[in-house]
Amino acid sequence: MRRIAYCSPINPVASGISDYSEELLPYLGQYVDVTVYHESGITPNNTHLLHHMTLRPLNQLISDHQRHAYDAVIYHMGNSAAHSEIYTVAQQLPGIVVLHDLVLHHFMLQYYANVVKDLGAYHALVSATYGADGATVAGRMMRGIFDDAVFQMPLCQPLLAHATAVISHSQYVADAVRTMAPHLPIHVVPMGIPILPRRDVTTLRQQLGFGDDAFIMASFGHVNPYKRTDQILRTLRTLRRAGVNAHHIIVGSISPNVPHQRMILRTNTQDAVHITGYVAADVFNAYVDVADVCINLRHPTAGETSASLLRLLAAGKPTFITASGSFLEIPRHVAVHVPLDDHEVDFLAAALFLCAQERAFATQVGNNARAFVESHHTLPQSAAAYMQVLATHHGWDAPTPSRPVRWDVHPDADAPFPTLHPQRISTTPTRAPLPSHPPPALHGAGARIQALAAQLFRKK
């Protein structure tokens, strides 16, 4: 059987790619023997992974490969410090790179600051790659001034220079890589995720202190300055002024660069915003269950394919996404595409108001979302596509699974809900009767929302 080295963050490293890999690995293990290489110095805590697969620290990969060469080496690369050691090893031992984010500029800044310990070398690299504009942006980044220009300077070229091929989860990233490295084979593979079971969350909502009339919006994942937090809170204010008992739960950590407390005070939404901090996967899933709608906005985009977004769609939740970048590859009947224009907040408020008032509309969007994931983003589909890339790239025979899935990663529909620590969430609802029509502030986007509803219901 073929042997592959699989390099990725794994838990307890707080990264969405940790969860992603731990869900994909039991399916890849049907085809090949996998050795998982993780950050040196951490102790993996996934008992299934410990029992079913060989785990090794990344600082042993090169010597391991020299003693008994692997048939393939895979590096998972994202725009965070969790990938520092992966990047270091990938510079020395070329392999196939799974590029989770096109933009690695923020990673490279911290890598040169904390690993290389030479910000001058970072400045020189950006200047050599992007000229005078790059030098200006690098200088600002070094002073802690982050602006949108950095998203036009992905700085992934040093990684691509040592890759033998690239796997992407979106056509958007694949097209961008082809312009930067036209010689490099690039393959688009669907991101696979487990399908969450549908569960009755009445008791869970009561545990959190939400009444029967509460309309719960939720966003998931680390909140950085590009997650449109200000626009979401302004929308929340509009909904509550319209009489909707709306609440917004932020499930994830918040960057110190996001002045969320100031935004909350400015929008007077203190009683309706609830922040959990980083949570484990089972708690994440429970909050998905609780939500009436999910919001996954981001701009500018780093070119990422969001696993958290796919989890929301798989749960059958009506989900709002920004109409830009790789998110345009999500069909319009599957998620609500929020435009990036002067009417962004009006559109978001009107569409959310429609979800609150017309539950059939929200249910249809959620059903479309779940069907999309079941058709295009299952774990077996993803593993098979990975193996086809490996076979094509290395000249192997057509891959077929030779053993069962190593362990089951799908959540148990009968498992008890975790405790969600309601004391960490402020719940003081402001109750008001729902009006029979949207307030005047919502009428600006009314025609677009009517067209959206008509389009979605034609998909039945």
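Predicted, not measured: the structure shown is a model, and the values here were computed from it. (Residues numbered from 1 in each chain as written. Predicted model: local features only at pLDDT ≥ 70, side-chain atom pairs only at ≥ 80, totals over all residues. Heavy atoms only, no water.)

### Let's talk about the sheet that holds strand 11 (residues 293-296)
With parallel pairing, six strands are arranged side by side in an open sheet as 10-9-8-11-12-13. On the outer flanks of this sheet lie strand 10 (273-275) and strand 13 (336-338), each paired with one strand and no other. The mean angle between the axes of side-by-side strands here comes to 25 degrees, regardless of whether they run parallel or antiparallel. Across three bridges, the pairing between strand 9 (residues 246-251) and strand 10 is parallel. What sits directly across from Ile249, in strand 10, is His274. (Pairing = 2+ DSSP bridges. Helix = DSSP H or I, 4+ residues; strand = E, 2+ residues; numbered from the N terminus. Axes fitted to C-alpha atoms, helices over the stretch in contact; angles between N-to-C directions.)

### Considering the packing of aromatic side chains
The full count for this structure, using the stated rule, is seven aromatic pairs. Aromatic pair Tyr87 and Phe107: ring centres 5.5 Å apart, planes at 70 degrees, arrangement edge-to-face. With Tyr87 in helix 4 (residues 84-90) and Phe107 in helix 5 (residues 105-116), this residue pair connects regions lying 20 residues apart in the sequence. The exposure class of Tyr87 is buried, given its relative accessible area of 4%. With a relative accessible area of 0%, Phe107 lands in the buried category. With centroids separated by 4.6 Å and ring planes inclined at 85 degrees, the aromatic side chains of Phe151 and Tyr226 adopt a geometry described as edge-to-face. Of this pair, Phe151 sits in the loop between helix 6 (119-142) and helix 7 (157-160) while Tyr226 sits in the loop between strand 8 (215-220) and helix 10 (229-241), and the two are 75 residues apart along the sequence. Each member of the pair, Phe151 together with Tyr226, is buried. Joined through ring pairs, the aromatic side chains of Tyr87, Phe107, Tyr111 and Tyr112 make up one cluster. (Phe/Tyr/Trp six-rings, centres within 6.5 Å; stacked < 30°, edge-to-face > 60°. Buried < 20%, exposed > 50% of the residue type's maximum accessible area, 1.4 Å probe, protein only.)

### Structural notes on the environment of Ala69
Note that Ala69 resides in the loop between helix 3 (61-67) and strand 4 (72-77). A residue is classified by how much of its surface remains accessible, and Ala69, at 46% relative accessible area, is partly exposed. In the structure, Ala69 is positioned 66 residues away from Arg3 in sequence and 8.6 Å away in space, judged by C-alpha atoms.

### Structural notes on the confidence of the model for the chain
Mean pLDDT over the chain: 88, with 91% of residues reaching 70 or higher. Scored below 50 in pLDDT, residues 422-446 shows 51 contacts in the model against residues more than four places distant or in partner chains. Below pLDDT 50 for its whole length, residues 456-460 participates in twelve contacts with residues either more than four positions away or in separate chains. (pLDDT = per-residue confidence, 0-100. Contact = heavy atoms within 4.5 Å.)

### Concerning the pattern of salt bridges
Across all of its chains, the model carries 13 salt bridges by this definition. Here Asp230 ties to Arg234 by a salt bridge, and the two come within 3.6 Å at their closest N and O atoms. Of this pair, Asp230 and Arg234 both sit in helix 10, four residues apart, roughly one helical turn. The class of Asp230 is buried, set by a relative accessible area of 18%. For Arg234, a relative accessible area of 32% translates into the label partly exposed. Members of the salt-bridge network, linked through shared partners, are Arg56, Asp64 and Arg67. (Salt bridge = Lys/Arg side-chain N within 4 Å of Asp/Glu carboxyl O.)

### Some points on the layout of surface pockets
Reported here for the second largest pocket is a volume of approximately 470 Å³. Lining the second largest pocket we find 25 residues, and of these Asp289, Ala291, Asp292, Gly316 and Lys317 sit closest to its centre. The set of elements that each furnish at least two residues to the lining of the second largest pocket consists of helix 9 (202-207), helix 12 (281-290) and helix 15 (359-376). Sorting elements by how many residues they give to the lining of the second largest pocket places helix 15 first, with six residues. In terms of residue class, the lining of the second largest pocket is made up of eleven nonpolar, five polar and nine charged. (1 Å grid on protein atoms, 1.4 Å probe; cavity = no way out; pocket = protein on both sides within 12 Å on 5 of 7 lines; lining within 4 Å. Points joined across faces, edges and corners; volume = space filled by probe spheres on them. Nonpolar A, V, L, I, M, F, W, Y, C, P; charged D, E, K, R; others polar.)

### Details of helix 6
Within an α-helix, residues lying three or four positions from one another point in the same direction, as the helix has 3.6 residues per turn. Between its terminal C-alpha atoms helix 6 stretches only 8 Å, short of the 34 Å expected from 24 residues at 1.5 Å a residue. A maximum bend of about 145 degrees is found in helix 6 at Tyr130. If you check which residues of helix 6 are buried, you get Tyr122, Leu125, Val126, Gly134, Val137, Ala138, Gly139 and Met141. Two or three places before Gly120, at the start of helix 6, stands the capping residue Asp118, its side-chain oxygen 3.1 Å from that residue's backbone nitrogen. Taken from the residues just after helix 6, Gly144 is the one with a positive phi, measuring 80 degrees. (Expected span 1.5 Å × (residues − 1). Bend = angle between axes of the 7 residues up to and from the residue. Polar contact = N/O pair within 3.5 Å; in protein donor to acceptor, adjacent residues only side chain to side chain.)

### Observations concerning empty space enclosed by the protein
Think of a ball as big as a water molecule: rolled over the atoms, this probe shows where empty space is left. Scanning the model with the defined rule gives two cavities of 30 Å³ or more in all. Size it by volume and the largest cavity reaches roughly 120 Å³. Considering the residues around the largest cavity, the lining is formed by 14 residues, among which Ser219, Val223, Lys227, Ile232 and Ile295 are closest to the centre. A per-element tally of the lining of the largest cavity places helix 10 first, with three residues. Of the residues belonging to the lining of the largest cavity, the class tally is seven nonpolar, five polar and two charged. For the second largest cavity, the calculated volume is near 40 Å³. Along its surface, the second largest cavity is lined by Ser8, Pro9, Val13, Glu39, Leu58, Ala82, Glu85 and Ile86. Of the residues in the lining of the second largest cavity, the class split is five nonpolar, one polar and two charged.

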